[in-house]
Amino acid sequence: MSHTGHRPPPRSPLPVITGPAAHGRPEGDVPHGAEATWPRRTVELTSAQALRLLGEVSFGRIVFTQQALPAIRPVNHVLDRGRIVIRTHQDSDLFAQTRDHGDRGVVVAYQADAIDPLTHLGWSVVATGYCRPVTDPDALIRYQRLIRPWSDRMMECAVHIRPHLVTGIRLAEGGGHG
């Protein structure tokens, strides 16, 4: 004899979306007060504006090729005379590639942003260019003072990216134009 009355109801294979996500907003993002202005608009930044913003933060992500596939690493940086400088260790794949290519460098992309998780306002910048090792001993000492890595690993080397293409967007409150 079966007691079907004691079985839980069958589960739906598709989740039911409720709350902010049902209205096109990320789950957990309930706008209120000044945060309630929707939608957001995207404003294109000039290269100069994007580089200035990049210089205001110290954390980003470098994208390079590792075994013929894209690799992304979170890193600290400093902007020095238009170049993005990153400390690294001599055993890193990125440093090995830059060292092996010397003055030619390797193509990389660097991305940084500052986006408020509650309001979704902020900016994002991507710089693409050639990455080369820092070979000047005085510059290396200077960068070791300027860049404090978040990793506890010894970062005795540095690389710099000379951006050739810099793009950026600002996420602003809705309505109107740029």
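In the block above lies the structure referred to throughout.
The model shown is predicted, which means the values in this text are computed figures rather than measured ones.

Caption draft 1: Quick look at the overall build of the protein chain. If you tally the helices and strands in the protein chain, you get 3 helices and 8 strands. Ordering the α and β elements of the protein chain from the N terminus gives β-α-β-β-β-β-α-β-β-α-β. Here the protein chain holds 178 residues, and 33% of them are scored as buried. By element, 56% of the accessible surface of the protein chain is carried by carbon and sulfur atoms, the whole surface being about 11600 Å².

Caption draft 2: Region of the structure containing the nonpolar core. Judged by nonpolar contacts, the single largest core of 24 residues is most densely connected at I62, I86, V108, Y110 and I161. Sorting the residues of this core by element identifies α1 (47–55), β2 (59–66), β3 (69–76), β5 (83–88), α2 (93–101), β6 (106–115), β7 (122–133) and β8 (157–173) as the ones contributing at least two each. Listed in part, the 8 residues of the second largest apolar core include V78, L140, Y143 and I147.

Caption draft 3: Geometry of α1. Of the residues making up α1, those classed as buried are A50, L53 and L54. Here the buried residues of α1 occupy an arc of 105° about the axis, which is enough to place them on one side. Close packing links the buried residues of α1 with β1 (40–45), β5, β6, β7 and β8.

Thresholds applied
Residues numbered from 1 in each chain as written. Predicted model: local features only at pLDDT ≥ 70, side-chain atom pairs only at ≥ 80, totals over all residues. Heavy atoms only, no water. Helix = DSSP H or I, 4+ residues; strand = E, 2+ residues; numbered from the N terminus. Buried < 20%, exposed > 50% of the residue type's maximum accessible area, 1.4 Å probe, protein only. Areas by Shrake-Rupley, 256 points an atom, 1.4 Å probe, with all protein chains shown as cover. Core = buried A, V, L, I, M, F, W, Y, C linked by side-chain atoms within 4.5 Å. Arc of directions from axis to C-beta. Contact = heavy atoms within 4.5 Å.

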